[in-house]
Amino acid sequence: MTLIRHLKEGWRLTQLGCLGALLAFSPYGVADTVDDESADKRLYQEAKFHFYRSDFMHTLVLLENDHNGTSEIDNQYHNLNHLLAAEAAFKLNMLDSVQHILEHLEFTAREASIQNQVQFLKGKLAYHREQWGQAITLLSAPMPTLSADWRDEARYYRANSELALNQSVDAATALSGISSQSLWGAYGYFNLGARYVNKENSPSKALVAFRVAATLTDQTPEGLELRDHINLEAGKLALKGKDHDKALGFLQNVQATGTAAPTAILYYGLAQSIQGRQRTAIQTWYRAKRYGLVVPGVADAFMAIAYGYEQEKLKATAIDAYLEAIAAYERELRHIGEIEKEIETSGVLALLKKVQTDDTSVEWFLTSELASNTPRVALTYYLMNDPDFFSQARVLLELSNSADDVGRGLQRLDALASVLKKRSVQAGRQPRSTGNLPVNEGSLNQLITQRNAMVEEFKRLPEGVIKQAATLQIKALDGELRMLKSRYQNLSGRTTSANGGFYQEQLRAIDALRVQFRQLQSELQAQVADIDQGLETQAVKLLNTHHDYIDDFFVRSQLALVTLYDEIAVTDLKKSAEIRLDQQGGGQ
């Protein structure tokens, strides 16, 4: 929480501009209680914009506040901002932040709709913390004011919690009430089908669950991608059950441009090969070669092609295919070693920034078109496909960008200090002003005190016309006070600037800001270093797993090639022996 508060302050000062922030320092504050709702509304709209752009750290920095345990009067956006902050914190896997925000909302929220949303988010938090029983309890209670999408999401988390407790019947019951064409339902039934396959050995139930899941997908990119993976798993299951025609039916429905395509190509070719159509199978497997070896199914396809040629008795062509596969595996192993060394030398953050330079697409870490990309991009894609690595890497990039922003803020402060020093010297050469201020400071503060007392009275007024009229009066008075304050500050600035006093005050304020910025920068850099170190260990572990996977194919292809050479040698030896026998028989 401390880091987010520091981020909030640093981001605010950097975005407003140092000069504007400095001029805002004043002892003559005017409370704007009546305008809180409109201010929170603008904040909500700005934060929503960043949330929809998947800029979750920016969203959270905008919205996170020090909670004082009091609700805002007539302010519907106060709670909405906290709910949005909780959603952003979920996206960043900052579960402690979520809990802190929900505790505040439990204390302040009075509306039934907000209370229902808080209960749902508490259930979601329990789910993410793997507290399955608590999640089921919270998510099973009626929440009538929730939106349809959030109700579906709640059923999804409840069903997954039931599955975690080995209660597939209860999970199916939870999913039965889900909306039609809901991706939450599609994911839920997909997970249920996987449960039937992996834990209950019930392929018929699994196929039914997969079919239901496919009907719940939509035409969005996410929906189409999910449908591809559903068809892939259904095809693999049918192939395992030796229902080859059904397997082909599922697999041919996988999009050629989707991330599931290479694996679908592998199994589609395998189904053709089992049915004796080796040429068709080989042609199918060739389509997988354009993908990187980090994509599941591609390494298998290289060996499958060589095997297919063997089955067709085309041994010379099979040798060429094995040699090509060996070269591809060897190249991949070399690239893995290079990336591991790069990570151990420079860290994960440096790797991610290089990849952003190599691939300038917006979602560079989710690209599926790996044929023409660099090995660095391909292997980073492999790392970013691990959910834990992905979430931490996003936080690392967000914090690194924030640290860069703070660094730029320090540079701006230095530039501003240089300008003010010059103006201070110039002002010191001018004669002292003897002008009088037409606004008395004590009178101004007295008016502000009276205005704030009126606001306290306003809070106690019942709803109605009188309260609306009081609102307008307070807003009008606020406008007059702001003009008086501005007039006083401007005239005061002219008077004190004659001997450079105004600029000296600003320079002292800049020095104070420098301390804050350096402290924030130090904290951010420490956080970045800690996450980078943790990701380095995780990256090396993942790359070692991929290394072992490719090395297995490398060894198997070499052994298959040696075996093929031996078979050819034995065949040639037999032919030679037969020729010699024929020659000897002819000589006799």
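As the structure is a computational prediction, the values presented were derived from the model and not from experiment.

Enquirer: Got a sec to walk through the environment of Arg-158? Specific residues and values, please.
Expert: Tracing the backbone through its elements, the reader meets Arg-158 in helix α9 (residues 148-164). On the basis of relative accessible area, Arg-158 is assigned to the partly exposed category, the value being 25%. Sequence-wise, Arg-158 and Tyr-127 are 31 residues apart; in three dimensions their C-alpha atoms are separated by 8.1 Å. Residues in contact with Arg-158, not counting those within four places in the same chain, are Ile-136, Leu-139, Ser-140 and Ala-174.

Enquirer: Which residues make up the pattern of salt bridges, and what are the values?
Expert: Note on pairing: side chains with opposite charge can pair once their charged atoms come close. This model, assessed by the stated rule, comprises 15 salt bridges. A salt bridge links Arg-155 to Asp-152; the shortest N-O distance between them is 3.4 Å. Of this pair, Arg-155 and Asp-152 are both found in helix α9, three residues apart, which corresponds to roughly one turn of the helix. By relative accessible area, which is 26% here, Arg-155 ends up partly exposed.

Enquirer: Give me the packing of aromatic side chains: which residues, what numbers.
Expert: On inspection of all chains with the given rule, the structure shows 13 aromatic pairs. An angle of 35° between the planes, with centres 5.8 Å apart, marks the rings of Tyr-329 and Phe-553 as tilted. Pair noted here: Tyr-329 is in helix α18 (residues 315-346) and Phe-553 is in helix α24 (residues 501-587), with a separation of 224 residues, a long-range link. Both residues of the pair, Tyr-329 and Phe-553, count as buried. An aromatic cluster is present here, built from Tyr-127, Trp-132, Tyr-156, Tyr-157 and Trp-184 joined pairwise through their rings. Between the NZ or CZ atom of Lys-124 and the centre of the ring of Phe-90, over which it lies, the distance is 4.5 Å. When the ring centre of Tyr-291 is taken as reference, the NZ or CZ atom of Arg-290 above it lies at 4.5 Å.

Enquirer: Explain the environment of Val-395 to me, and be specific about the residues and the numbers.
Expert: By secondary structure assignment, the location of Val-395 is in helix α21 (residues 387-428). Taking relative accessible area as the criterion, Val-395 reaches 10% and is therefore assigned buried. Sequence-wise, Val-395 and Phe-56 are 339 residues apart; in three dimensions their C-alpha atoms are separated by 9.3 Å. If near-sequence neighbours (up to four positions away) are discounted, Val-395 is found in contact with Met-57, Leu-92 and Ile-531.

Enquirer: Give a detailed account of the confidence of the model for the protein, specifying residues and quantitative values.
Expert: Predicted confidence across the protein gives a mean pLDDT of 80, with 77% of residues reaching 70 or more. A low-confidence stretch, residues 1-34 (pLDDT under 50), is modelled with 77 contacts involving residues beyond four sequence positions or located in other chains. When the criterion is pLDDT under 50, residues 362-368 qualifies, and its contacts beyond four places in sequence or with other chains add up to 20 contacts.

Enquirer: Go over α9, please, and point to the residues and values.
Expert: The end-to-end C-alpha separation of α9 is 24 Å, in line with the 24 Å expected for 17 residues at 1.5 Å each. All buried positions along α9 are accounted for by Trp-150, Asp-152, Glu-153, Ala-154, Tyr-156, Tyr-157, Ala-159, Asn-160, Ser-161, Glu-162 and Leu-163. Packing partners of the buried residues in α9 comprise α5 (76-91), α7 (112-128), α8 (132-140), α10 (168-176) and α11 (183-198). With its phi angle positive at about 65°, Asn-166 sits one or two positions after the end of α9.

Enquirer: Go over unusual backbone geometry, please, and point to the residues and values.
Expert: Non-glycine residue Ser-54 carries a positive phi angle of around 65°. With respect to the secondary-structure elements, Ser-54 resides in the loop between α3 (36-52) and α4 (56-63). According to the relative accessible area criterion, Ser-54 is partly exposed, its value standing at 27%. Its identity is not glycine, yet Gln-181 carries a phi of approximately 55°, on the positive side. Along the chain, Gln-181 turns up in the loop between α10 and α11. When its relative accessible area of 52% is taken as the criterion, Gln-181 is described as exposed.

Enquirer: Outline helix α14 (residues 244-251), supporting the account with residue identities and numerical values.
Expert: Of all the residues in α14, the buried ones are His-244, Ala-247, Leu-248, Phe-250 and Leu-251. All buried residues of α14 fall inside an arc of 160° around its axis, so they share one side. Close packing links the buried residues of α14 with α12 (203-216), α13 (221-240) and α15 (261-274).

Enquirer: Before we move on, can you summarise the nonpolar core with the specific residues and values?
Expert: In this structure, Phe-120, Tyr-329, Leu-383 and Phe-389 are the most contacted members of the largest nonpolar core, which totals 116 residues. A total of 19 residues in this core trace back to one element, the largest contributor, which is α24. Phe-389 has contacts with Val-348, Leu-383, Met-384, Leu-535, Gln-538, Ala-539 and Leu-542, leaving out every residue within four places of it along the chain. By size, the runner-up hydrophobic cluster in this structure holds 35 residues, among which are Ala-214, Ile-230, Val-254 and Ala-264.

Enquirer: I'd like to hear about the packing of α13 against α14, residue by residue, with values.
Expert: Where α13 contacts α14, the axes come no closer than 8 Å and their chain directions differ by 170°. Put simply, α13 runs roughly antiparallel to α14. Of the residues in α14, those in contact with Asn-231, Leu-232, Ala-234, Gly-235, Ala-238 and Leu-239 of α13 are His-244, Lys-246, Ala-247, Phe-250 and Leu-251. Of the residues belonging to the contact of α13 with α14, the class tally is seven nonpolar, three polar and one charged.

Enquirer: Tell me about the packing of helix α6 (residues 95-108) against α7, and please be specific about residues and values.
Expert: α7 packs onto α6 with a crossing angle of 155° between their chain directions and a minimal axis gap of 10 Å. Taken together, α6 and α7 sit at an angle that is classed as roughly antiparallel. For the pair α6 and α7, the crossing hand works out as left-handed. Residue-level inspection shows Leu-95, Val-98, Gln-99, Leu-102, Leu-105 and Glu-106 of α6 in contact with α7, the latter providing Val-118, Leu-121, Lys-122, Leu-125 and His-128. Looking at side-chain class alone, the contact of α6 with α7 contains seven nonpolar, two polar and two charged residues.

Rules used throughout
- Residue positions are counted from 1 within each chain, in the order its sequence is given.
- For this predicted model, a pLDDT threshold of at least 70 governs which residues receive local features, and a threshold of 80 or more governs which side-chain atom pairs are given and counted, while totals over whole chains, interfaces and linings are taken from all residues.
- To get the side-chain values, all heavy atoms of the structure are used, and hydrogens and water are removed first.
- Helix and strand labels come from DSSP, where a helix needs a run of H or I of at least four residues and a strand needs a run of E of at least two; each type is numbered from the N terminus.
- Using a 1.4 Å probe on the protein chains alone, a residue whose accessible area is under 20% of its type maximum counts as buried, one over 50% counts as exposed, and one in between counts as partly exposed.
- Contacts are assigned to residue pairs that have any heavy atoms within 4.5 Å of one another.
- When a carboxyl oxygen of Asp or Glu lies within 4 Å of a side-chain nitrogen of Lys or Arg, that pair is called a salt bridge.
- Pairing of aromatic rings covers Phe, Tyr and Trp, the last through its six-membered ring, and needs centres within 6.5 Å; plane angles under 30 degrees mean stacked, over 60 mean edge-to-face, and all others mean tilted.
- Any Lys NZ or Arg CZ found within 6 Å of a ring centre and within 35 degrees of that ring's normal is scored as a charge over the ring.
- Per-residue confidence from the prediction method is given by pLDDT, with values spanning 0 to 100.
- Here, expected helix span is obtained from the residue count minus one, scaled by 1.5 Å.
- The arc in question is formed by the directions pointing from the helix axis toward the C-beta atoms.
- Joining through side-chain atoms within 4.5 Å is the link that ties buried Ala, Val, Leu, Ile, Met, Phe, Trp, Tyr and Cys residues into a set, and such a set is a nonpolar core.
- Helix axes use the C-alpha atoms of the stretch in contact, all axes being lines fitted to C-alpha atoms, and the angles between their N-to-C directions lie in the range 0 to 180 degrees.
- Between 65 and 115 degrees an angle is taken as roughly perpendicular, under 35 as roughly parallel, over 145 as roughly antiparallel, and anywhere else as oblique.
- Under the scheme applied, nonpolar residues are Ala, Val, Leu, Ile, Met, Phe, Trp, Tyr, Cys and Pro; charged residues are Asp, Glu, Lys and Arg; polar residues are all the others, including Gly.
- Crossing handedness: left-handed means the near helix sits turned counterclockwise from the far one by under a right angle, and right-handed means the same turn made clockwise.

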